[in-house]
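Remarks on the overall topology
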Amino acid sequence: GESVGLHLPTLSVQEGDNSIINCAYSNSASDYFIWYKQESGKGPQFIIDIRSNMDKRQGQRVTVLLNKTVKHLSLQIAATQPGDSAVYFCAENREGGGNKLTFGTGTQLKVEL
Amino acid sequence: DTEVTQTPKHLVMGMTNKKSLKCEQHMGHRAMYWYKQKAKKPPELMFVYSYEKLSINESVPSRFSPECPNSSLLNLHLHALQPEDSALYLCASSQAGGVTRGSEQYFGPGTRLTVT
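It should be emphasised that the depicted structure is a prediction, and the values quoted were computed from it without experimental measurement.

**Comments concerning the overall build of chain B**
Helices and strands together make up the secondary structure of chain B, namely 0 helices and 11 strands. Each helix (α) and strand (β) of chain B, taken in turn from the N terminus, gives the series β-β-β-β-β-β-β-β-β-β-β. Its C-alpha atoms give chain B a radius of gyration of 13 Å, near enough to 13 Å, the size a compact globule of 116 residues would have. If you line up chain B on its principal axes, its C-alpha atoms span 40 × 25 × 25 Å. Of all 116 residues assigned to chain B, the portion counted as buried reaches 51%. The long-range share in chain B, meaning contacts at least 24 apart out of those at least 6 apart in sequence, stands at 56%. Separation between the mean location of the 13 positive side-chain charges and that of the 10 negative ones in chain B comes to 6 Å.

Given below as structure tokens:
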């Protein structure tokens, strides 16, 4: 399953499928990006980050892709599990903002059994 | 220890009350943050403390007053709040100070605040 984070706030996938969550950012000077997972009633949990000198970074079952040309970020989750159900936020660190993070609107991921 | 703790978990207060939210981290981080999160919305930055000094105030109303007693503690003092201030208040910390970019922020579980 695939979503455009800002325009399709809910993504439903079958357990075991791969998920792709997308995020568009606006500031070409942003050079640090983070994906957070937020489960109901909890604070955001760090998933993976990427700096602008990279275009891909892999973690455990997750991959982040960065396309600076079109200012697009995606999070790929392999073999999606019920425990992956949550809201996923991308966040960018903009130039001139110190360590301030600006969050995207978020995508709700629902994993269907 | 990669934990940020927040107390209380839930708080209900009247518009004339004074209360405080507390946040603590023992990761040696030198930057700490307060965020406000409304339902189904992303976190919005309120304040950043860097090396125990306020470095960013995102034009937050004065009824919210932050305090950083030491590098491990962050408080948010609340006074004369409005019902629209009801939200989840999140604390976060990061290794780098506020003027240094590109440092992962660790979030606490939040305090669910209801103003009646």
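Alright, that's what it looks like, and here's the rest.
**Let's talk about the side chain of Gln105 of chain B**
The topology assignment puts Gln105 of chain B in strand β10 (residues 105-107). Since its relative accessible area comes to 0%, Gln105 of chain B is described here as buried. Of the polar contacts made by the side chain of Gln105 of chain B, one reaches the side chain of Tyr35 of chain B; its length is 2.7 Å. Those residues in contact with Gln105 of chain B that lie beyond four places of it in its chain are Ile34, Tyr36, Asn99 and Leu101 of chain A together with Tyr33, Tyr35, Ala92, Ser93 and Ser94 of chain B.

**Observations concerning the sheet that holds strand β1 (residues 4-7) of chain B**
Residues and elements named next belong to chain B. Pairing in this open sheet of 4 strands is antiparallel, and the strands run β1-β3-β8-β7 from one edge to the other. At either end of the open sheet lies a strand with only one pairing partner, and these are β1 and β7 (64-70). The mean angle between the axes of side-by-side strands here comes to 20°, regardless of whether they run parallel or antiparallel.

**Some points on the pairing of strand β2 (residues 10-13) of chain B**
All names here are of chain B. Only one face of β2 is buried, namely the one carrying Leu11 and Met13, since none of His10 and Val12 on the opposite face is buried. For β2 and strand β11 (residues 111-115), the ladder comprises 4 bridges, and the chain directions are parallel. Opposite Val12, over in β11, you have Thr114 as the bridge partner.

**Focus: the interface of chain A and chain B**
Chain A puts 24 residues into the contact, and the matching count from chain B is 25 residues. When the two sides are added together, the surface that chain A and chain B hide from each other amounts to roughly 1700 Å², 50% of it contributed by carbon and sulfur. Its largest share of buried area at the contact with chain B, chain A owes to Asn99, Lys100 and Phe103 of chain A, together 33% of the area lost on that side. Linking chain A to chain B there are 1 salt bridge. Where chain A touches chain B, the interface holds 4 residue pairs in polar contact (both at pLDDT 80 or more).

**Thoughts on the pattern of salt bridges**
Pairing between side chains becomes possible if they bear opposite charge and their charged atoms approach one another. One pass over the structure, following the stated rule, counts 6 salt bridges over all chains. The residue Arg61 of chain A makes a salt bridge to Asp84 of chain A at a minimum N-O spacing of 2.9 Å. Of this pair, Arg61 of chain A sits in the loop between β6 (56-58) and β7 (62-67) while Asp84 of chain A sits in the loop between β8 (72-77) and β9 (86-93), and the two are 23 residues apart along the sequence. Looking at Arg61 of chain A, the relative accessible area reads 30%, which means it is partly exposed. Its salt-bridge partner being Glu58 of chain B, residue Lys100 of chain A comes within 2.7 Å of it at the nearest N-O pair. Here Glu58 of chain B lies in the loop between β6 (53-57) and β7 and Lys100 of chain A lies in the loop between β9 and β10 (101-103), a pairing that spans two chains. Residue classification places Lys100 of chain A among the partly exposed positions, given a relative accessible area of 24%.

**Topic: the nonpolar core**
Core analysis: the largest hydrophobic core is formed by 23 residues, its most contacted members being Trp34, Phe64, Leu76 and Leu78 of chain B. Within the residue set of this core, elements represented by two or more residues are β2, β3 (18-25), β4 (31-37), β5 (44-50), β7, β8 (73-79), β9 (87-94) and β11 of chain B. Filtering out sequence-adjacent residues up to four positions away, Leu76 of chain B remains in contact with Lys19, Ser20, Leu21, Trp34, Met46, Phe47, Phe64, Ser65, Pro66 and Tyr89 of chain B. Counting residues in each nonpolar core, the second largest holds 20 residues, with Val13, Cys23, Ala86 and Tyr88 of chain A among its members.

Parameters and conventions
- Residues numbered from 1 in each chain as written.
- Chains lettered and ligands numbered in written order.
- Predicted model: local features only at pLDDT ≥ 70, side-chain atom pairs only at ≥ 80, totals over all residues.
- Heavy atoms only, no water.
- Helix = DSSP H or I, 4+ residues; strand = E, 2+ residues; numbered from the N terminus.
- Rg over C-alpha atoms; globule rule 2.2 N^0.38 Å.
- Buried < 20%, exposed > 50% of the residue type's maximum accessible area, 1.4 Å probe, protein only.
- Contact = heavy atoms within 4.5 Å.
- Lys, Arg positive; Asp, Glu negative; His and termini not counted.
- Charge placed at Lys NZ, Arg CZ, Asp CG, Glu CD.
- Polar contact = N/O pair within 3.5 Å; in protein donor to acceptor, adjacent residues only side chain to side chain.
- Pairing = 2+ DSSP bridges.
- Axes fitted to C-alpha atoms, helices over the stretch in contact; angles between N-to-C directions.
- Buried area = accessible area lost by both parts, 1.4 Å probe.
- Salt bridge = Lys/Arg side-chain N within 4 Å of Asp/Glu carboxyl O.
- Core = buried A, V, L, I, M, F, W, Y, C linked by side-chain atoms within 4.5 Å.

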